[in-house]
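Examination of the molecular architecture
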Amino acid sequence: MFEDLSAKNKLSKKHTQHFRRCLALNRNSAGFTNELKELTYTLVCDKAEGAYIWDVDGNKYIDLTMGFGSILFGHNYLPLRNAIEEQLKINWSVGPISPLAGKLASEISKATGVERVAFFNSGTEAVMVALRIAKAVTRKNYIVYFKGSYHGTFDPLLTLKNNPVTNVAKEVVPGVTQSILNESYLLEYGSEESLDFIKRNKDKIAAVLTEPVQSRNPGVQPVRFLKQLRELTEENSIALIFDEVITGFRIDVGGCQKYFDIKADIVTYGKVIGGGLPIGIVAGKSKFLDATDGGCWQYGDSSAPSVKTTFVAGTFCHHPLAMAASLKVLEMLNDTGDNLLHNLNAATANFCNALNTNFKKRGYPISINHFGSLFRFITPGKTNMLYYQLLLNGVYIWEGRNCFLSTAHDPGLLSSLEENILLSCEQLVSQGLMKRKAQNESLLI
Ligand code: PMP
């Protein structure tokens, strides 16, 4: 398989090698091991349409990466493309504010129930600002986040380890120095001890940041824990921040807040709402969002900004193309009155359940977890060859391994994808790269 895949991706590898000297791209050495050296590269693609991508060698793949979860309607979706092209004809400059920003804010408010909305460029930036305004409003310094979560690349969140006694996040990534982590607590997700810890440290904690369902662990949907967190943070003047960069506008138009019927104080969005263009959104209660602009006031009377502000800014924060794309995404979601997302969630559930049944039947030591249209394979061992075999068989899954379905993954495609995945497993078994489970052995699923 190694040689076959290397040959199939010849031009991707050649391109990677050619530009490595000047293109510093971490993905090109992600997970490097000597054994997998020849398969360590990022697929280079120049065409994407619907649920498919094409690499520079001309190979076609079913895409399960879907712009890291930013593409909900399939690649190059015509209505979205038209909306972007129309806006391109009108204006794509920044400086004065785009008239689309206010409109988009009010549409998001209507769709999700948030009171106020602020625009940025990425999920990382949204999370960074959410934490800043939480600290500004609560006048406390510490933040809590949870093991297993991913919130982007803001420094105080960039570690996977903590001090087991103090729970303070611990330096792991070079350059993310201990001093920048000293006001971050990293706790177990879903545990009673974490709730107790937050209670004990309530006077120091400004915010509890959580992906309601962790994208790296979509099988865990701890609604009781989330409700307990909501109560605890409410009682103790701690901001509850839902990071809905993945779940927002995907699990439901109203995101996890609606799905679990829990109102956070601050919510971050990104990905899907941008329709494939860069966007990050901080939304939520006025009490917190007012720290960006001083709150509401009117012309013609004695009112004035009344809330002390922190600092937020960014050259491209209300980029007209991103605003136009987001408005179109929202319009398309609203037009379907939730059906589109519900159907996609149901299709993903059927697809995952069918595969899990077949994995079990055939004794493959693999399972799939999903939440809405996000799913992940659970594979044994550290390195797993499934992703390489799938790539060889025409299915693309990026290095982070979160998989996403879009509305372009129609029933016909899903059934051939299912066959492809089962065939890939069988091929791994026959090459000795995966061991079938004995009939009586308990399976992972
Ligand atoms: N939060 C979550 C839950 C994410 O999944 C991501 C990115 N995958 C981010 C934040 C960061 O978003 P971005 O990559 O746009 O900075």
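Residues numbered from 1 in each chain as written. Predicted model: local features only at pLDDT ≥ 70, side-chain atom pairs only at ≥ 80, totals over all residues. Heavy atoms only, no water.

Applying the stated criterion across every chain yields a total of 17 aromatic pairs. One aromatic cluster is present, formed by Phe-351, Phe-375, Phe-377 and Tyr-387 through successive ring pairs. Above the plane of the ring of Trp-54 lies Lys-47, whose end atom (NZ or CZ) is 4.1 Å from the centre. Of note, Lys-60 hangs over the ring of Tyr-52, and the distance from its end group to the ring centre comes to 4.2 Å. (Phe/Tyr/Trp six-rings, centres within 6.5 Å; stacked < 30°, edge-to-face > 60°. Lys NZ or Arg CZ within 6 Å of the ring centre and 35° of its normal.)

Spatially, 4 strands are ordered β1-β2-β3-β15 in an open sheet, and the strand pairing comes out mixed. Each edge of the sheet is formed by a strand with only one pairing partner; in this case those strands are β1 (45-49) and β15 (395-396). Note: β1 against strand β2 (residues 52-55), 4 bridges, orientation antiparallel. Among the inter-strand pairings, Cys-45 is bridged to a residue of β2, identified as Asp-55. Helix-sheet contacts for helix α15 (residues 411-430) involve β2, β3 (60-63) and β15, and the interaxial angle to β3 is about 105°. (Pairing = 2+ DSSP bridges. Helix = DSSP H or I, 4+ residues; strand = E, 2+ residues; numbered from the N terminus. Contact = heavy atoms within 4.5 Å. Axes fitted to C-alpha atoms, helices over the stretch in contact; angles between N-to-C directions.)

The next thing to look at is the site of the ligand. Around the ligand, the neighbouring residues are Ser-122, Gly-123, Thr-124, Tyr-150, His-151, Gly-152, Glu-211, Asp-243, Val-245, Ile-246 and Lys-271. Between the ligand and Asp-243 there is a distance of 2.6 Å, counted from a nitrogen atom to a side-chain nitrogen or oxygen. In this structure, a nitrogen atom belonging to the ligand sits 2.9 Å away from a side-chain N or O atom of Lys-271. Surface burial for the ligand is 83%, taken as the share of its 390 Å² of free accessible area covered by protein chains. Looking at the shell around the ligand, its residues break down into 3 nonpolar, 5 polar and 3 charged. (Near = heavy atom within 4 Å. Polar contact = N/O pair within 3.5 Å; in protein donor to acceptor, adjacent residues only side chain to side chain. Areas by Shrake-Rupley, 256 points an atom, 1.4 Å probe, with all protein chains shown as cover. Nonpolar A, V, L, I, M, F, W, Y, C, P; charged D, E, K, R; others polar.)

Formed by 101 residues in total, the largest nonpolar core has its most connected members in Phe-119, Phe-359 and Phe-377. Looking at this core element by element, the count peaks at 9 residues for helix α12 (residues 320-335). Per-domain counts for this core show at least three residues from each of domain 1 (2-75 + 339-443) and domain 2 (78-335). The next biggest cluster of nonpolar side chains, apart from the first, holds 26 residues, and it includes Ile-143, Ala-239, Ile-266 and Ala-291. (Core = buried A, V, L, I, M, F, W, Y, C linked by side-chain atoms within 4.5 Å. Buried < 20%, exposed > 50% of the residue type's maximum accessible area, 1.4 Å probe, protein only. Domains from an automatic or database assignment.)

This part takes up the domain arrangement of the protein. If you check the domain split of the protein, you get domain 1 (2-75 + 339-443) and domain 2 (78-335). One C-alpha centre belongs to domain 1, the other to domain 2, and the line joining them spans 29 Å. Counting from both sides, the interface comprises 21 residues of domain 1 and, opposite them, 24 residues of domain 2. Between domain 1 and domain 2, the buried area comes to about 1900 Å², and carbon and sulfur atoms account for 64% of it. In this structure, the connection of domain 1 to domain 2 is made through 0 salt bridges. Taken together, domain 1 and domain 2 are joined by 7 residue pairs in polar contact (both at pLDDT 80 or more). (Buried area = accessible area lost by both parts, 1.4 Å probe. Salt bridge = Lys/Arg side-chain N within 4 Å of Asp/Glu carboxyl O.)

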